[in-house]
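Coordinate analysis (summary)
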Amino acid sequence: MALVKQCSRVLARTSRNFYSRALLPTISRWNRGEGSNETRYNYSYGLVGLLGAAVCSVGAALNDGQISADELELGHAHLPWEHKEWNKSYDHKALRRGFQVYKEVCQACHSMQYFYWRMHVDVTHTKEEVKEMAAEYMYPGLDDDGNRIERPGDIQDFMPAPYDNEIKARLANNGAEPPDLTLINIAREGNEDYLFSLLTGYEDVPPGQAEPSEGQAYNPYFHGYYIGMAQQLYNESVEYEDGTIPYQSQIAKDVIQYLAWVANPWMDESKLYGMKAVSSAAIMTLCAYIVMRTRKGAVRARQLHFAAPGHSKSIAKNGNVSNFSKYKEVDDSIAKMTKK
């Protein structure tokens, strides 16, 4: 890809120099002003555009047949996620199931250390359930004397990380550090579509492809095809509390919707405020239109009469008529004033 970009840059520079020094006098008409030695060009813009299109076509043809390592991944599908519609919200039952999948499958390797326990209250679980889950983990703290201790978790704490630091995480995963999942949905191009394709797209190595090294798996949706995470989701790999049939696609859908909520937990409120703003603007627009049609007509039909000094009473008697030529006295007075 770098070679193609450099070649395109050289081609553009060469064509620009050739055009300005050699081809320009050919396609232009030389005009010399009278009484001056100034030389002017009369450019033919049609030929300029034609030459530019030819250069762009050549560059596109050179770039079209090239394959780089950045393109070694399969394009993900585009799926109809209901919560992405403007008038839809998150499915809270799916969010609860997604948290269960994260806790039972993903939490062993992936952290979510930028997300509070309290964010789950009244969304996926009740406050008592969240307190109970947070208390299962130990967090570093201080006692009354300032000594370091281990205390049970609280809903005000961040969700725990499976490893103490990056080095331990890499040692436990063959040198690959599992990414934090707090913002994984918006950190990857394709968002939910990419994550769903990645989690459900594991395949056997096709003929002609190199075998993955130890600790890797083949996934055509991953950048470079070889991913350091083995397939984690299978049919019935999770037993849902609400009795939902745990197909692989259902498990992937639930955990991805949960990760989407974690990345943007204020989406429902934002949509609600947007609907209120649009509704208020529509009502105000309707009121303004009604006022314009009912009140502005009287303002636009209003007549302004200018009375000459000493003749205001005669104008007031016939205020509905704005043609001053009907009043000879007024016309004479105005004529006298203008003569002076």
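So, here is what we can say about the structure in this document.

Conventions used here
- Sequence order sets the numbering: in each chain, residues are counted from 1 along the sequence as written.
- Local features in a predicted model are, by the rule used here, given only for residues with pLDDT of at least 70; side-chain atom pairs are given and counted only at 80 or more, and totals for whole chains, interfaces and linings are based on all residues.
- Each side-chain value is worked out from all heavy atoms of the structure, with water and hydrogens disregarded.
- In this scheme, patches are assembled from residues that exceed 30% relative accessible area and form no salt bridge. Like charges are connected within 9 Å, while nonpolar side chains (Val, Leu, Ile, Met, Phe, Trp, Tyr) are connected within 5 Å.
- In this description, accessible areas are obtained by the Shrake-Rupley approach with a 1.4 Å probe, and a residue is regarded as covered only by the protein chains that are shown.
- Salt bridge criterion: a side-chain nitrogen from Lys or Arg within 4 Å of a carboxyl oxygen from Asp or Glu.
- Secondary structure is summarised from DSSP: a helix means a run of H or I of at least four residues, a strand means a run of E of at least two, and numbering begins at the N terminus for each.
- A 1.4 Å probe rolled over the protein chains alone gives each residue an accessible area, and that area as a share of the maximum for its type sets the label: buried under 20%, exposed over 50%, partly exposed in between.
- Helix axes are fitted only over the stretch in contact, all axes being lines through C-alpha atoms; the angle between N-to-C directions runs from 0 to 180 degrees.
- Angle categories are assigned with fixed cut-offs, so that under 35 degrees is roughly parallel, over 145 is roughly antiparallel, 65 to 115 is roughly perpendicular, and the rest are oblique.
- The contact criterion used throughout is that any non-hydrogen atoms of two residues lie within 4.5 Å.
- Residues were grouped as follows: Ala, Val, Leu, Ile, Met, Phe, Trp, Tyr, Cys and Pro as nonpolar; Asp, Glu, Lys and Arg as charged; and all remaining residues, including Gly, as polar.

This next bit is on a nonpolar patch on the surface. A cluster of nonpolar side chains, namely L286, Y289, I290 and M292, defines an oily patch on the protein surface of about 400 Å² accessible area. Mapped onto the elements of the fold, M292 is located in helix α9 (residues 267-294).

With that out of the way, let us pick up helix α7 (residues 191-200). Among the 10 residues that make up α7, eight are buried, leaving the element largely enclosed by the rest of the structure. Among the residues making up α7, those that are buried are E192, D193, Y194, L195, F196, S197, L198 and L199.

A separate point is the packing of helix α3 (residues 92-106) against helix α8 (residues 248-263). Remark: α3 packs on α8, axes separated minimally by 7 Å, with the N-to-C direction vectors making an angle of 100°. Looking at the two axes, α3 sits roughly perpendicular to α8. On α8, the residues that touch A94, L95, R97, G98, F99, V101, Y102 and C106 of α3 are Q250, I251, D254, V255, Q257, Y258 and W261. Of the residues in the contact of α3 with α8, the class split is 10 nonpolar, three polar and two charged.

Turning our attention to the pattern of salt bridges. The tally for this structure, following the rule as stated, stands at 10 salt bridges. Here R97 makes a salt bridge to D242, at a shortest N to O gap of 3.1 Å. With R97 in helix α3 and D242 in the loop between β6 (226-227) and α8, this residue pair connects regions lying 145 residues apart in the sequence. Salt-bridge contacts for E136 lead to K103; the nearest nitrogen and oxygen are separated by 3.5 Å.

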